[in-house]
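# Residue-level structure breakdown
Read off the chains here:
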Amino acid sequence: MSVLVLILAVSAACCLGFGFVLQQNVARQAPLSDFLSPRLLLDLVKVPRWLGGIGLMVAGMVLGAIALSQGEVSLVEPLLATNLLFALALSRKQTKQPLGRQGWAGLALLAGGVTAFIVAGKPRGGEAVDDPFRHWLIIGAMIGLALLLTTYAKRSRLSAGPVLLALAAGLLYGVQDALTRVSGQRFSEGGLAELLTGWQPYAVLALGVTGLILVQSAFETAPLRMSLPALTAAQPIAGIICGVGFLGDRLRTDTGALTWEALGLAAVVVGILLLGMHPAMPSGAARSQPARNLQPS
């Protein structure tokens, strides 16, 4: 594993984790009438703290894109999942909650699971699949599942809605990461002209905006512990599926390696859930305030 990829991916995770906490601090005050509406972004953009969170998220996405250009999606995605560690660190500072057994167990499982998956799988590059049908089948399945989750989330708003929206956003972000890798390859091969003549960069932008609306709606309707674990778990899984499915990423497939890879991913998911449900994660707030009364702090 390249040290550069490691530094870039972990730096991206740091920016993403801090950015998510700052965004949720503000989004939880938005009115429910903005749920799943672009108006939500128009209201939030007026608040400096939210803009700071978005700035950190954009920085994380840029660093993640650079990491993806240097390494395989199957390698970078598990490292990006460590954003929850940084989110918890900032949340602990805000809430003054100690880590306790749950926090340390979640940290160990997340870090150990990422390490086990990478060491056992040894992700490496290969030849991308040329079959367009396979591309669209995998991408369509991810987007279709995200759409289905969003539909159910609209019906269950304040119960399972935030979790479903976060899962949908995670799936879209995983596909976005894969298409970011493709866009980077097009740019390196033919420059800006080659990049802009493909559909991938426009899809990256559309997926990013759609995912942002889903995430902010999830942050708006529930505490961070309800949404961030689902988002953090879904994104790497979707990214790995795309990476192995059509980008040519290769993982070791002998019985022992597959066992450790599965155990590693399972440990990552359990660790994410333990950290995400930690009492240090910010709780929700009353959302009776109109958008114009969002605190600009």
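Residues numbered from 1 in each chain as written. Predicted model: local features only at pLDDT ≥ 70, side-chain atom pairs only at ≥ 80, totals over all residues. Heavy atoms only, no water.

## Some details on the overall build of the protein chain
Which entries qualify depends on this criterion: Numbering of helices and strands runs from the N terminus, with a helix taken as a DSSP run of H or I at least four residues long and a strand as a DSSP run of E at least two residues long. With the radius of gyration taken over C-alpha atoms, the globule rule is written as 2.2 Å times the number of residues to the power 0.38. Burial classification: accessible surface area is computed with a 1.4 Å probe over protein chains only, and a residue below 20% of its type maximum counts as buried, one above 50% as exposed, and the rest as partly exposed. What makes two residues a contact is simply this: any of their non-hydrogen atoms within 4.5 Å.
In terms of helices and strands, the protein chain carries eleven helices and zero strands. Taken from N to C terminus, the helices and strands of the protein chain fall in the order α-α-α-α-α-α-α-α-α-α-α. Against the compact-globule benchmark of 19 Å for 297 residues, the protein chain has a radius of gyration of 18 Å, which places it among compact chains. In terms of principal-axis extent, the alpha carbons of the protein chain reach across some 55 × 45 × 35 Å. Counting over 297 residues, the protein chain shows a buried share of 52%. Sequence-distant contacts in the protein chain: of pairs separated by 6 or more residues, those separated by 24 or more amount to 87%.

## A few points about the side chain of Thr-82
Filter applied, for reference: Pairs of N or O atoms are called polar contacts if they sit within 3.5 Å, as long as, within protein, a hydrogen donor faces a hydrogen acceptor (for residues adjacent in sequence, only side-chain-to-side-chain pairs).
On the secondary structure map, Thr-82 appears in the loop between α4 (73–80) and α5 (83–95). In terms of polar contacts, Thr-82 uses its side chain to reach the backbone carbonyl oxygen of Leu-79, at 2.6 Å. With residues up to four places along the chain from it excluded, the contact list for Thr-82 reads Ala-13, Leu-110 and Val-114.

## A short note on the pattern of salt bridges
Here is the rule: Here, a salt bridge means any side-chain nitrogen of Lys or Arg that lies within 4 Å of a carboxyl oxygen of Asp or Glu.
A full pass over the atoms with the stated rule returns three salt bridges. We note a salt bridge from Arg-252 to Asp-254, for which the minimum N-O separation is 3.5 Å.

## Things to note about the packing of helix α3 (residues 48–70) against helix α8 (residues 161–196)
Counted only if it meets this: Inter-axis angles, ranging from 0 to 180 degrees, are taken between N-to-C directions of lines fitted to C-alpha atoms, where helices are fitted over the stretch in contact. Geometric relationships in this document are graded by angle, where less than 35 degrees denotes roughly parallel, more than 145 denotes roughly antiparallel, 65 to 115 denotes roughly perpendicular, and other angles denote oblique. The hand of a helix crossing depends on one turn: near helix anticlockwise from the far one by less than a right angle means left-handed, and clockwise means right-handed. Each residue gets one label: Ala, Val, Leu, Ile, Met, Phe, Trp, Tyr, Cys and Pro are nonpolar, Asp, Glu, Lys and Arg are charged, and the others, such as Gly, are polar.
As a packed pair, α3 and α8 sit with axes 9 Å apart at the nearest point and diverge in direction by 55°. Comparing their axes, α8 and α3 come out oblique. Of the two elements, α3 crosses α8, and the hand of that crossing is right-handed. In this structure, α3 contributes Met-61, Ala-65 and Leu-68 to the contact, and α8 contributes Gln-176, Asp-177, Thr-180 and Arg-181. For the contact of α3 with α8, the class distribution of residues is three nonpolar, two polar and two charged.

## With respect to unusual backbone geometry
Despite not being glycine, Lys-122 shows a phi value in the positive range, around 45°. With respect to the helices, strands and loops of the structure, Lys-122 is situated in the loop between α6 (100–121) and α7 (132–155).

## Structural notes on the packing of aromatic side chains
Let me state the cut-off plainly: Stacked, edge-to-face and tilted are the three classes for Phe, Tyr and Trp ring pairs, Trp counted by its six-membered ring, which pair at centre distances within 6.5 Å; planes under 30 degrees apart are stacked, over 60 edge-to-face, the rest tilted.
By the definition in use, this model includes three aromatic pairs. A ring pair is formed by Phe-18 and Phe-86, whose centres lie 6.2 Å apart and whose planes are at 90°; its orientation type is edge-to-face. Of this pair, Phe-18 sits in helix α1 (residues 3–27) while Phe-86 is found in helix α5, placing the two residues 68 residues apart along the sequence.

## Overview of the nonpolar core
For the record, the criterion: The definition of a nonpolar core used throughout is a set of buried Ala, Val, Leu, Ile, Met, Phe, Trp, Tyr and Cys residues joined through side-chain atoms within 4.5 Å.
If you look at the biggest cluster of nonpolar residues, it comprises 79 residues, and the most contacted ones within it are Leu-228 and Leu-231. Among the elements that line this core, the one with the most residues is α8, at twelve residues.

## Focus: the environment of Val-62
Examined against the element boundaries, Val-62 turns out to sit in helix α3. Sequence separation between Val-62 and Leu-4 is 58 residues; the distance between their C-alpha atoms is 14 Å.

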